[in-house]
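Now for the letters of each chain:
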Amino acid sequence: MYTNYCIATFLTLFFFIQMSAQVDSLERWERVEYAGSLINKQPDSALLVLAKLVDVGEKAKDHALLSKVANYQGISLKRKSNFEGSEAAYLRSIDLARLAGDSLLLAEGLYSLGTLYRHMGNFSEALVLLNQSLELRIENEAAPLFLARTYNGIGSVLHASGKREEAIKYFRKSHLTHQQIGNERYAASSAVNIGAMYVEMEQTDSAIHYLEKGLAYYREKKQAFGTAAALINLSEVYMKTGNLKQAKQYSTEALANFKTVGDEARIGMSLSSLAKIEQRLGNYQVAIDYARQSLEIAQKVGRTDNVRDQYLELSEVYADARQWKDAYLAQRTHHYLKDSLFNLEIDGQMQEQQAKFEAAEKDREIAQLKKEQELEAKQRQRLLAGLLISAGLALLAFLFYLGRRRAIDKLQKEQTVTRQLLSEQEKLLANLNQAQVSLVQSEKMVSLGQLTAGIAHEINNPINFITSSATALQYNFEDIQKILEKIELLRNGNGQKTTIDALVRLSDELQSQELSEETAQLISGINTGAERTLKIVNSLRIFSRNTTENFHPADLNEGIESTIALVRGSLPADIFIKTHFGELPPAVCQISRLNQVFLNIINNAVQALADRGTIQISTEHIGDEIKVTIEDDGPGIDAENHRRIFEPFFTTKAVGKGTGLGLSISYGIVEQHNGRIEVESEVGKGAAFMIWLPVVPANAENDD
């Protein structure tokens, strides 16, 4: 009886300890996330909470929690422009993540340190760290949001390093990933980054397109920082195009927004932009005041690259204002900051910071070792008292072993069932893939059937015309032969008077004048039919040419015209197609596959219109892209179906009228060309499909 009581007591104590540990762990992580929520607006409060969590994590020896705490400390210190402290915190976070064996926490620490080094101007080291973070996140299948953020970080470093072409590729990856997961906020941010790239590349239309897209979102959500970022880049666009009034308005508005969020570094950027504008307007003293304020902020936040650039800008403004001494001093300071000795000094400071961090780590390890030794001494003192408890725990361990053995047996049985289920699932997936291949082939055959019907109808008309004209021409030829026979008799001198009279009567009888005109018309009709047939054959050749996987320059207007020519024969009488083609450069593409896209969308428009309506097709060249718009005045598409129309097997048609693969296949073809498809539609107001295609896709392999 007493033994059973002891066992019950030990079991209760054991499970109580386990539950308490789990609850305590949960509370620790909730406090960490609470501290993270304070960072943006209350970094000092966040640091206080995080400092208390350091002791908690060290007592629990929870390296993962300590890594997260150190990362948040680094972010908070960066917010306060304490870059030295931020760097030390990030390095500590990375070491602790390695101790915890947590690859995703390690990736987060590498990303944070990389973004800090970019901010400090150490671009080469920043790029190495961010690439390591990206590899870890891809390897561990991190959420798309973190991949998109890493793409954006790498793009920012490449941008700052002057590698614009490479930077814009990563910004596009970030933008596309955010769009795919429906993250409008970060999609807007990456749109602003792409726009900034186009500003520097002096592609004005593309820059304004992306920047205004981001600005519209940030203004709608009343987000001051994003609004300011878009405005400062738009100001740069208008300054380059000479619209200084608009540029000044945007820079002033950007400055106000950056002051609202308290971002000193970007306040300095806005002041620098206003200084350049006022300089070009001839307001030199105002420009000098703005440039000095920008310089003071750059010195305060520790942005050495901005300090250097600001001295150069001050020297130019002083020179325009004819303040030659000040211009000389500013220019000399600028050259000094560019000197290699300055860079060596910065490297030395970074090495000193690293040494300080390593020394602090050693001190912490020594302190931790002392604590462990003290704890060990106390454990020895309590060893005797714990002997009785050990005996009870041994019994408890035996009971736990028996329970664990039963759990393992049960788990093995469940694993056997799981393997059987997985085997069945693989068979189902194989069947599903086969069904999908069949449906895709069915969709292709449906398109081929529609295309064949249209071609047959188009060719049938001119062939019938040629056939009927040829028959009539045969009759006319027989009449003409009679006249020729009389003429041959006349030539031989056989009864000239009689033959001439007979020839005149035959000519009157056959109405030779009308016979001649009718014959000419029949020959003309045969030529017209032959030309129409040749045109249809040429359209088919254009539609189906270049079926290889290589990309070649092609005229998209010509491809669309060939597609229209092939479907026109199957159109109902009251459906009309109107075209408005702009001047387009040759697009490097797989034209036959794009023709399939045009065919699918035109067929969908025809089916939506039923028996009556108009389809408008237009093309235009915008920046480095070509826009193709296919619009109908049919019933339109419900808003709830906008996001689903490109899903495989989704269709709004009646059962048996479509497979739901046409638009899905079209979406895939356009995506392979690094393009995109956009849809605008309201119920009762028709639908418009906009296909955006780059003139030269990044993945194109041109053999010409």
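Scroll up a little and you will see the structure.
Chemist: Even after reading the chapter, I still don't get the overall build of the protein, so can you show me in this structure?
Modeler: The helix and strand inventory of the protein stands at 23 helices and 7 strands. Within the span of the protein, comprising 704 residues, buried residues form 38% of the whole. Taking the intrachain contacts of the protein between residues at least 6 apart in sequence as the baseline, contacts between residues at least 24 apart amount to 63%. In the structure as shown, the protein presents an accessible area of about 40,600 Å², 54% of it carried by carbon and sulfur atoms.

Chemist: Could you clarify how one ought to interpret the side chain of T227 in this entry?
Modeler: Of note, T227 is situated in helix 11 (residues 224-240). In this structure, T227 is in contact with L215, Y218, R219 and N257, ignoring residues within four places of it in sequence.

Chemist: Could you clarify how one ought to interpret the packing of aromatic side chains in this entry?
Modeler: Given two aromatic rings, their pairing is described by the distance between the two centres and the angle made by the two planes. Evaluated as defined, the whole model comprises 4 aromatic pairs. Plain terms: the ring middles of Y198 and Y210 are 5.9 Å apart, the flat faces sit at 20° to each other, and that makes the pair stacked. In this pair, Y198 is assigned in helix 9 (residues 184-200) and Y210 in helix 10 (residues 204-221), connecting sequence segments 12 residues apart. With respect to class, Y198 is no different from Y210; both count as buried. When the centroid spacing of 5.8 Å and the interplanar angle of 45° are considered together, the rings of Y238 and Y250 count as tilted.

Chemist: So what exactly am I meant to see when it comes to unusual backbone geometry here?
Modeler: Note: most peptide bonds trans; most residues except glycine with negative phi. A positive phi angle is found at E141, which is not glycine, with a value near 55°. Within the fold, E141 resides in the loop between helix 6 (123-139) and helix 7 (144-160). Among the residues examined, E141 registers a relative accessible area of 72% and is labelled exposed. The phi torsion at E202 lies on the positive side, around 60°, for a residue other than glycine.

Chemist: How do you make sense of the pairing of strand 5 (residues 625-632) when you look at a structure like this?
Modeler: Every other side chain in a regular strand lies on the same face of the sheet, so the side chains alternate between the two faces. Counting buried residues in strand 5 gives 7 out of 8 residues, a clear majority hidden from the surface. In this structure, strand 4 (residues 612-622) lies alongside strand 5, joined through 8 bridges in antiparallel fashion. Counted as the bridge partner of S618 is T629 from strand 5. Connecting strand 4 to the next strand, strand 5, in antiparallel fashion are 2 residues, including G623 with a positive phi near 60°. As defined by bridge partners, strand 5 adjoins strand 7 (residues 687-694) across 8 bridges and the pair is classed as antiparallel. Note that in strand 7 the partner of E625 across the bridge is P694.

Chemist: I would appreciate a short explanation of helix 21 (residues 556-567) in the present structure.
Modeler: Because an α-helix packs 3.6 residues into every turn, residues spaced three or four apart end up facing the same way. Taking 1.5 Å of rise per residue, the 12 residues of helix 21 would be expected to cover 16 Å, and the 17 Å separating its terminal C-alpha atoms lies within 8% of that figure. Within helix 21, 9 of the 12 residues are buried, leaving the element largely enclosed by the surrounding structure. Those residues of helix 21 lying buried are L556, N557, G559, I560, S562, T563, I564, L566 and V567. N-capping of helix 21 is provided by D555, with a side-chain oxygen placed 3.0 Å from the backbone N of N557.

Chemist: Sorry if this is basic, but what is going on with the packing of helix 13 (residues 264-281) against helix 14 (residues 284-301) here?
Modeler: Between two packed helices, the angle of one axis relative to the other and the distance separating the axes together describe the packing. Helix 14 packs onto helix 13 with a crossing angle of 160° between their chain directions and a minimal axis gap of 8 Å. Accordingly, the angle class assigned to the pair helix 13 and helix 14 is roughly antiparallel. For the pair helix 13 and helix 14, the sense of crossing is left-handed. Together, E264, A265, I267, G268, L271, S272, L274, A275, E278 and Q279 of helix 13 and Y284, V286, A287, Y290, A291, Q293, S294, I297, K300 and V301 of helix 14 make up the contact between the two elements.

Chemist: It is not clear to me how a nonpolar patch on the surface should be interpreted in this structure. Could you clarify?
Modeler: On the surface, a nonpolar cluster with roughly 440 Å² of combined accessible area is contributed by L395, F398, L399, Y401 and L402. For L399, the position within the fold is in helix 18 (residues 386-492).

Chemist: Could you clarify how one ought to interpret helix 8 (residues 164-180) in this entry?
Modeler: For helix 8, spanning 17 residues, the distance from its first C-alpha to its last is 24 Å, which sits close to the expected 24 Å at 1.5 Å a residue. Buried residues in helix 8 make contact with helix 7, helix 9 and helix 10.

Chemist: Where do I start with the pattern of salt bridges in this structure?
Modeler: Two side chains bearing opposite charge may form a pair once their charged atoms approach each other closely. Here the structure, examined in full by the defined rule, presents 10 salt bridges. K685 is the partner of E682 in a salt bridge, and the nearest nitrogen-oxygen pair spans 3.5 Å. By relative accessible area, which is 62% here, K685 ends up exposed. In this structure, a network of salt bridges that share partners links the residues E625, R676 and E678.

Chemist: Can you walk me through the nonpolar core in this structure?
Modeler: In summary, soluble globular proteins display a tendency toward joint burial of nonpolar side chains. In this structure, L113 and L234 are the most contacted members of the largest nonpolar core, which totals 62 residues. With 9 residues, the single largest contributor to this core is helix 11. Not counting the four nearest positions on each side in its chain, L234 is found in contact with I208, L211, E212, L215 and Y250. Counting residues in each nonpolar core, the second largest holds 39 residues, with L556, I560, L599 and I626 among its members.

About the cut-offs
Residues numbered from 1 in each chain as written. Predicted model: local features only at pLDDT ≥ 70, side-chain atom pairs only at ≥ 80, totals over all residues. Heavy atoms only, no water. Helix = DSSP H or I, 4+ residues; strand = E, 2+ residues; numbered from the N terminus. Buried < 20%, exposed > 50% of the residue type's maximum accessible area, 1.4 Å probe, protein only. Contact = heavy atoms within 4.5 Å. Areas by Shrake-Rupley, 256 points an atom, 1.4 Å probe, with all protein chains shown as cover. Phe/Tyr/Trp six-rings, centres within 6.5 Å; stacked < 30°, edge-to-face > 60°. Pairing = 2+ DSSP bridges. Expected span 1.5 Å × (residues − 1). Polar contact = N/O pair within 3.5 Å; in protein donor to acceptor, adjacent residues only side chain to side chain. Axes fitted to C-alpha atoms, helices over the stretch in contact; angles between N-to-C directions. Parallel < 35°, antiparallel > 145°, perpendicular 65-115°, else oblique. Left-handed = near helix turned anticlockwise from the far one by under 90°. Patch = residues over 30% accessible without salt bridge, like charges linked within 9 Å, V, L, I, M, F, W, Y side chains within 5 Å. Salt bridge = Lys/Arg side-chain N within 4 Å of Asp/Glu carboxyl O. Core = buried A, V, L, I, M, F, W, Y, C linked by side-chain atoms within 4.5 Å.

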